[in-house]
Amino acid sequence: MMRFAHWVILVLAFIATTAWLGWWTVPLVAGAWGITVPYSEKPWWTALAAAAVAWTILLVVSALRGPIVELASVLGGVFALPGFAVILLTLAFAALLAWSAAGLTSALRKASA
Amino acid sequence: MQRQRIVRAVLSAVILAIVLHAGARRTGPMPPLGPLLDPVNGVWAVAAGAESPDREAFDIPGLAAPVQIVFDDRGVPHIFASSSEDAARALGYVVARDRLFQMEMRWRTAAGRLAELAGEDAVGFDRRMRRLGLAWSAERDFAALDPASAAVREVSAYAEGVNAWIDQLDRRDVPFEFRLLGAEPSRWEPVFSLYLLKLMGWDLTYGLASDLRRLRAQAMVGKQATDALAPVNSPIQQPIQANGQTSHRFDISRIPPPGRPDLAARERVSEIEVALGLLPDDRAGEPEPTVLGSNNWAVAPERTAAGYALLAGDPHLGLSLPSTWYEAHLVVPGVLDVYGVTFPSVPSIVIGFNRDIAWSFTNTGADVIDYYEEEFDDPNRPTRYRVDGEWRELARRVEAYRDRGGAVLAVDTFLVTHRGPVVTHEDRPLSMRWIVLEGSGSTDALWKAARAASVEEYLAAMEGFAAPAQNMIVADRSGTIAIRSNGYFPLHPDGLGLEVRDGRTSSSDWVGFWPLSRYPFSIDPDQGYLASANQQPIAPRVDPTYLGADWLSPWRAIRINALLAADSAVTPDAMRRFQTDPVNARAEIFVPFFSEAVDRLAQDSEATDAAREAARLLAEWDLRYTKQNERAVLFEYAMNELATRTWDELLAEREVGPARRVYTPASAVLASLLHQPESIWWDDRRTPEVEDRDAILIASLMAGLERARREHGEPNEGGWRWAGIRHANIYHLLGLPSLSALDLPVQGGPGNLNPSSGGGTHGASWRMVVELGPEVRAWSIYPGGQSGNPVSPRYRDRIEKWVTGELDPVRFPLTAADLDSSAVSSVLELNPER
């Protein structure tokens, strides 16, 4: 239960820092997560999931304020991709940032321990 | 385990580095992905700006008093201000809110500074624009204006309004295109408004291209033939200045046979094209480019059903999304109450109406440019040029091209003579005098015109409008209608403006300008209507003074004059229908010649079955270009074949690919050649036979049928429908298909009042009908929408009606309270910043 609560806090941290400061906070938060959580708990996967969920929530909030699906379609047209692929690309971008940053800091922490 | 951790650390570091790099740095054409994909501050935030809140209020600097802006149900801002400057400030604010990227593109295009937005690939284009000196001349004009003048105050206030929007710009409000390019909006300078007027001058001055086209024809068939193929006076006369004729008149002169190639002309073309960019070839198999253009007309009260003057205008320009125009209503009680369209960048209504008058423009196409061959003291490092045996200093402009980050990519030094910029100086230096680069007076004229209360006041206001010269039609509530071809028209020393002149003598310089009293002009003519469609403004029998030589084909003028002459009780709805009238005057002239040629052959029993079938199919045509029409395509293909076969002397063979068509004489010239059936021009030199007119007409008709069958199937299977053949294509400013409106079926073909041709990228950029009764009523449409946000419902909401030729009724309230709440989409209050 506590683990889940921590993970929810991580999701909230991703949401808050992205909204207030920008995309580049994702690897910082994930890096901090990697340092905090024991290596044995594979923090890179929880960071990946939390970042993806956080950005999904942010996209859903954006969708409440405007036509996200149409925008995805327009963007898809620009990049010669289907609209949903642009949404997936967005989530994958955040997930990869979080996964790699958490994986790196976690491994470094373990190595230095 | 240890090894696994090392592998994990390395793998994570590598992936993190890659993703961070893609997130923070540009990769090829891709912008940095981080700022782009950020779900809050990135491109996704654009969705939140798709619709405006019902009510907003902002404080902006510079305002003298609060301004109320009511957006109606078509997204048109009705700006209620207490001073002209505040109205301009508010207009700048709302136009920037809706069209900021378009404004950025426009000023950068004019200034030759696209590389700073789009990167090094744009340097070539930038170089050509800077060589023309549009921004340089705009800055010179602006510096010469009286800073205390009303026009300058308005331009400055407009800039403050734009910057007020930019200053408030949240990262979430940055337009979509800036995000794609990974760029930020620039601060708006007042002079940028003048850039736009210069850019329009460039767009509408045919001289740059037409002199070159003429020279290219001369390179192939000699000067004498070129003078006949590209005549100074239109071979079909239906001038803008009413001349008492009720229909058009052929002024036919014999076209001499093709002469020898002119090698000097060929060399000159090559030099100019190196300097100013390659002139595109006419497309073989397409109509000549002069069938496209703008229309305007006005009808006097005695010929309208309601007894009020009517005015219609539909300027045709390159189509784009966002649209060229922005629709707005500016109200300053007791001072200004004007409605119409403005270019995003310009603080005035350019085409529109107020409570007393309405006006619209078509391009005059006068010859306002000349080239001069100069002599430099040193071809490699010139500092002086010779005039009348004396050396004069060359002025210099040193300009740097920068990339996105501000790094210098290249530096050019541009030379300027007393005539204007030197456009090429490698072997034979060439300078250019172009009226667009000289003081335009346009800003001040537009400012005054919006406040005019009668035709007389409007014409007085526009006296100072120098460039680009326009056929300005105007009507007022008293029932007066008038038209004047208005701009600064140079008087050339030899009475013509077609040759590259000898710059070594001042006797080559312009000797003055047309006096206003001689401008082509009509007011309240007996015929009860006036019209222009870019045709020759004044009949050479009335005034033979050289005004230009690039008059667009007269087909649209012939048709609108016929429609207006035939209707003595014109209604606003008829005016609307005329704007997309499907009948084609060009077809009315050519179709009988095709049919009679086959008939004559049939009398000799030589007509083949194919020729008879083609003639039968053409005879089924009602000469209309409706979307459902299934015969217009046959005529078009036959006409294209006719041009290709008749003007084969103007096809330049290439080592690879089809021959280039370097010049296409106007279809009016071809129409006059129809009256010279034995002319050698009819012969297609690519065949062993020597053909005459009828033989080429028949061969063209049969080839047209063959092409129609090949490309669209049998005549009655549906494939020949015009809707499936000719389309309008409205591209986004960056050419992105997903942001464009493509393959739009349209009513109209080459030479129609709603002309379509080629790639479908030109068309009616704005359609307006105004009835000047006790209460002014108006209807309008343009192809696009008010918003530049591609996911806004107002990005392209007007296109459907534009395609069908419908117009929206315009709301023209006296006060904000006069707008019914159901007609209000949102309200914006701008207050003075404390």
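The structure presented is a predicted model; accordingly, all values stated were derived computationally and were not measured. (Residues numbered from 1 in each chain as written. Chains lettered and ligands numbered in written order. Predicted model: local features only at pLDDT ≥ 70, side-chain atom pairs only at ≥ 80, totals over all residues.)

1. Some words on the overall build of chain A
Okay, step 1: For chain A, the helix and strand inventory stands at five helices and zero strands.
Okay, step 2: Mapped in sequence order, the helices and strands of chain A form the string α-α-α-α-α.
Okay, step 3: With the principal axes as the frame, chain A shows a C-alpha extent of 50 × 25 × 25 Å.
Okay, step 4: Scored against the burial criterion, the 113 residues of chain A give a buried share of 45%. (Helix = DSSP H or I, 4+ residues; strand = E, 2+ residues; numbered from the N terminus. Buried ≥ 20, exposed ≤ 12 C-beta atoms within 10 Å, placed from the backbone.)

2. Some remarks on the overall build of chain B
Okay, step 1: Scanning chain B from terminus to terminus reveals 21 helices and 36 strands.
Okay, step 2: For chain B, the C-alpha radius of gyration of 28 Å lies close to 28 Å, the compact-globule estimate for 834 residues.
Okay, step 3: Along the first, second and third principal axes, the C-alpha set of chain B runs to 90 × 75 × 75 Å.
Okay, step 4: Out of the 834 residues in chain B, the part that is buried amounts to 55%. (Rg over C-alpha atoms; globule rule 2.2 N^0.38 Å.)

3. Observations concerning helix α9 (residues 192-204) of chain B
Residue and element names in this part refer to chain B.
Okay, step 1: For α9, which comprises 13 residues, the first-to-last C-alpha distance of 19 Å matches the rise-based estimate of 18 Å (1.5 Å per residue) to within 8%.
Okay, step 2: Most of α9 is tucked away: eleven of the 13 residues are buried.
Okay, step 3: Turning to α9, its buried residues are Phe 192, Ser 193, Leu 194, Tyr 195, Leu 196, Leu 197, Lys 198, Leu 199, Met 200, Gly 201 and Leu 204.
Okay, step 4: Contacts from the buried residues of α9 go to α3 (84-111), α6 (134-144), α7 (150-168), β13 (357-363) and α12 (442-449). (Expected span 1.5 Å × (residues − 1). Contact = placed C-beta atoms within 7 Å.)

4. A few points about the interface of chain B and chain A
Okay, step 1: With 33 residues of chain B in contact, the opposing surface of chain A contributes 33 residues.
Okay, step 2: Sorting the residues of the side of chain B that touches chain A by element identifies α1 (2-24) and α2 (33-37) of chain B as the ones contributing at least two each.
Okay, step 3: Here the side of chain B that touches chain A is composed, by residue class, of 24 nonpolar, six polar and three charged. (Nonpolar A, V, L, I, M, F, W, Y, C, P; charged D, E, K, R; others polar.)

5. Considering the sheet that holds strand β12 (residues 351-354) of chain B
All names here are of chain B.
Okay, step 1: The eleven strands are arranged β1-β36-β2-β3-β10-β11-β12-β13-β21-β22-β26 in an open sheet whose pairing can be described as mixed. Pairing within the sheet leaves two strands with one partner each, and these edge strands are β1 (55-60) and β26 (521-523). Strand-to-strand, the axes of this sheet are offset by a mean angle of 15°, without reference to chain direction.
Okay, step 2: Looking at chain direction, β12 and β13 are connected through two bridges and run antiparallel. Residue pairing across strands places Gly 352 opposite Trp 359, the latter belonging to β13. (Pairing = 2+ DSSP bridges. Axes fitted to C-alpha atoms, helices over the stretch in contact; angles between N-to-C directions.)

6. A short note on the nonpolar core
Okay, step 1: Ranked by internal contacts, the top residues of the largest apolar core, which has 275 residues, are Ala 47, Ala 51 and Ala 98 of chain A together with Ile 79, Tyr 195 and Ala 298 of chain B.
Okay, step 2: No other element matches the 15 residues that α3 of chain B contributes to this core.
Okay, step 3: Leaving out residues up to four positions away in the same chain, Ala 98 of chain A has contacts with Val 26, Ala 30, Ala 47, Leu 48, Ala 50 and Ala 51 of chain A.
Okay, step 4: Ala 115, Leu 117, Ala 118 and Tyr 401 of chain B belong to the second-largest nonpolar core, a separate cluster that totals five residues. (Core = buried A, V, L, I, M, F, W, Y, C linked by C-beta atoms within 7 Å.)

7. Some thoughts on the environment of Leu 734 of chain B
All names here are of chain B.
Okay, step 1: Note on placement: Leu 734 falls in the loop between β30 (727-732) and β31 (741-745).
Okay, step 2: A count of 17 C-beta atoms within 10 Å places Leu 734 in the partly exposed class.
Okay, step 3: Remark: the alpha-carbon pair of Leu 734 and Phe 521, spanning 213 residues in sequence, is separated by 40 Å.

8. Some remarks on the sheet that holds strand β6 (residues 295-299) of chain B
All names here are of chain B.
Okay, step 1: In space, the six strands of this open sheet follow the order β27-β6-β7-β33-β34-β35, with antiparallel pairing throughout. Of all the strands in the sheet, just β27 (529-532) and β35 (808-809) have a single pairing partner and so form its edges.
Okay, step 2: Here two bridges tie strand β34 (residues 776-781) to β35, and the two strands are oriented antiparallel to one another. The residue bridging Ser 780 from the neighbouring strand is Asp 808, located in β35.
Okay, step 3: Sitting on the sheet, helix α15 (residues 572-579) is in contact with β7 (309-314), β33 (767-772) and β34, with an inclination near 25° to β7.

9. A closer look at the pairing of strand β17 (residues 395-402) of chain B
Residue and element names in this part refer to chain B.
Okay, step 1: Pairing of β17 with strand β18 (residues 408-416) involves eight bridges; the strand directions are antiparallel. Each bridged residue has a counterpart across the sheet, and for Ala 395 the counterpart in β18 is Val 416.
Okay, step 2: Between β17 and β18, which pair antiparallel one after the other, the connecting turn spans five residues, and Gly 406 there sits at a positive phi close to 95°.

10. Focus: the environment of Ala 242 of chain B
All names here are of chain B.
Okay, step 1: With respect to the helices and strands, the residue Ala 242 is situated in the loop between β4 (236-237) and β5 (249-250).
Okay, step 2: The sequence separation of Ala 242 and Asp 526 amounts to 284 residues, and the corresponding C-alpha distance is 8.9 Å.
Okay, step 3: Not counting residues up to four positions away in its chain, the partners in contact with Ala 242 are Ser 522, Pro 525, Gln 527 and Leu 530.

11. Structural notes on the packing of helix α2 (residues 25-36) of chain A against helix α3 (residues 43-65) of chain A
All names here are of chain A.
Okay, step 1: With their axes 9 Å apart at the nearest point, α2 and α3 run at an angle of 145° to one another. Seen along the crossing, α2 lies across α3 with a hand that is right-handed. Within the contact between the two elements, α2 uses Val 26, Ala 30, Trp 33 and Gly 34 and α3 uses Pro 43, Trp 44, Ala 47 and Ala 51.
Okay, step 2: Considered class by class, the residues forming the contact of α2 with α3 number seven nonpolar, one polar and no charged. (Left-handed = near helix turned anticlockwise from the far one by under 90°.)

12. Here's the deal with unusual backbone geometry
Residue and element names in this part refer to chain B.
Okay, step 1: Following Leu 321, the chain continues into Pro 322 via a peptide bond in cis, with omega recorded as -10°.
Okay, step 2: Within the secondary structure layout, Pro 322 lies in the loop between β9 (320-321) and β10 (326-332).
Okay, step 3: Cis geometry marks the peptide bond from Ala 467 to Pro 468, where omega comes out at -5°.
Okay, step 4: Position of Pro 468 relative to the elements: it lies in the loop between α13 (455-461) and β21 (470-476).
Okay, step 5: One non-glycine residue with positive phi stands out, namely Asp 388, at about 55°.
Okay, step 6: When you line up the elements, Asp 388 lands in the loop between β15 (384-387) and β16 (390-393).
Okay, step 7: Assessed through the 9 C-beta atoms surrounding it within 10 Å, Asp 388 is described here as exposed.

13. Comments concerning the packing of α7 of chain B against α12 of chain B
Residue and element names in this part refer to chain B.
Okay, step 1: Close contact between α7 and α12 brings their axes to 9 Å; oriented N to C, the two are set at 95°. In this view, α7 runs roughly perpendicular relative to α12, as classed from their interaxial angle. Of α12, the residues touching α7 (which contributes Ala 150, Ala 151, Glu 154 and Val 155) are Thr 443, Asp 444 and Trp 447.
Okay, step 2: Grouping the amino acids of the contact of α7 with α12 by side-chain chemistry returns four nonpolar, one polar and two charged. (Parallel < 35°, antiparallel > 145°, perpendicular 65-115°, else oblique.)

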